[in-house]
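# Commentary on secondary and tertiary structure
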Amino acid sequence: MVLDKEESVSVVPLQSREKPRGCAGCNGKIRDRFMLQALDRFWHEDCLKCACCDCRLGRIGSTLYTRANLILCRRDYLRLFGVTGNCAACSKLIPAFEMVMRARDNVYHLDCFACQLCRQRFCVGDKFFLKNNMILCQLDYEGGHLNGGSDRQPQ
């Protein structure tokens, strides 16, 4: 039995000679120029919605999730069924839908992913180091500030 399913949504043009199909959401006939195809059924653009937040799931290339007979957007699926954890820097909860940074087994809020000595934030491609489970910038790592080579203390 499959509990979770990730499904893509396709936009299908309705051919002029084609008999209108029934919408899986409202059971009405689809007479629009385009219809959505998802979960092996057809939908009006306004009828394929997240069961929690009511957002429309018909954007081209969008994905929907199903579980327990619910059709959900990614954010609500992760909010309801995703795994949460704690930030390795601040120890506060990280919601399952939030973007994170990872370093080995550690997970961080985006705002917490900074050198833990000088608080320098990292950009994509920046070099960082993990020493004694602390994130360090290159300057603090090479300066040996954790080995007693400086008066600098973690903030």
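Residues numbered from 1 in each chain as written. Predicted model: local features only at pLDDT ≥ 70, side-chain atom pairs only at ≥ 80, totals over all residues. Heavy atoms only, no water.

Labelled according to an unreviewed UniProt entry, the protein chain appears under the name LIM domain only 1, originating from Xiphophorus maculatus.

## A short note on a nonpolar patch on the surface
Side chains of Met99, Met101 and Leu110 sit close together on the surface and give an oily, nonpolar patch of about 280 Å² of accessible area. As for its placement among the helices and strands, Met99 is situated in the loop between β10 (93-94) and β11 (100-103). Exposure remark for Met99: the relative accessible area of 59% places this residue in the exposed category. (Patch = residues over 30% accessible without salt bridge, like charges linked within 9 Å, V, L, I, M, F, W, Y side chains within 5 Å. Areas by Shrake-Rupley, 256 points an atom, 1.4 Å probe, with all protein chains shown as cover. Salt bridge = Lys/Arg side-chain N within 4 Å of Asp/Glu carboxyl O. Helix = DSSP H or I, 4+ residues; strand = E, 2+ residues; numbered from the N terminus. Buried < 20%, exposed > 50% of the residue type's maximum accessible area, 1.4 Å probe, protein only.)

## Focus: helix α1 (residues 74-81)
Three or more residues of α1 are buried, namely Asp76, Tyr77 and Leu78. Those residues of α1 hidden inside the fold are in contact with β7 (63-67) and β8 (70-72). (Contact = heavy atoms within 4.5 Å.)

## Concerning unusual backbone geometry
Notably, Leu39 is not glycine yet its phi reads approximately 55°, a positive angle. Tracing the backbone shows Leu39 in the loop between β5 (34-38) and β6 (41-43). Phi is positive for Arg104, which is not a glycine, with a value near 50°. Of note, Arg104 is situated in the loop between β11 and β12 (106-109). Under the relative-accessibility criterion, Arg104 is labelled exposed at 72%.

## A short note on the nonpolar core
Within the largest apolar cluster, 22 residues are counted, with the highest numbers of intra-cluster contacts made by Trp43, Leu48, Leu64 and Ile71. At the level of secondary structure, the elements contributing two or more residues to this core comprise β5, β6, β7, β8 and α1. Per element, the largest residue contribution to this core is 3 residues, and it comes from β5. (Core = buried A, V, L, I, M, F, W, Y, C linked by side-chain atoms within 4.5 Å.)

## With respect to the pairing of β11
Examined bridge by bridge, β11 and β12 share 4 bridges and lie antiparallel to one another. Residue Val100 lies in a different strand from β12, and its bridge partner there is His109. The loop that links β11 with its antiparallel partner β12 comprises 2 residues; one of these, Arg104, has a positive phi angle of about 50°. (Pairing = 2+ DSSP bridges.)

## Observations concerning the pattern of salt bridges
All told, the structure shown has 4 salt bridges when counted by the stated rule. Salt-bridge contacts for Glu45 lead to Arg56; the nearest nitrogen and oxygen are separated by 3.7 Å. Separated by 11 residues along the polypeptide, Glu45 in the loop between β6 and β7 and Arg56 in the loop between β6 and β7 bring together distant segments of the chain. Taking relative accessible area as the criterion, Arg56 reaches 45% and is therefore assigned partly exposed.

## Regarding the packing of aromatic side chains
Summed over all chains, the structure comprises 7 aromatic pairs. The interplanar angle of 50° and the centroid separation of 5.8 Å between the aromatic rings of Phe122 and Phe128 together place this pair among those described as tilted. In this structure Phe128 comes out as partly exposed when scored by relative accessible area, which is 29%. On the numbers, 4.1 Å between centres and 0° between planes, the contact of Phe129 with Tyr141 is stacked. Of this pair, Phe129 sits in strand β13 (residues 128-131) while Tyr141 sits in helix α2 (residues 138-142), and the two are 12 residues apart along the sequence. Each residue in the set Tyr108, Phe113, Phe122 and Phe128 is aromatic and connected to the rest through ring pairs, giving one cluster. (Phe/Tyr/Trp six-rings, centres within 6.5 Å; stacked < 30°, edge-to-face > 60°.)

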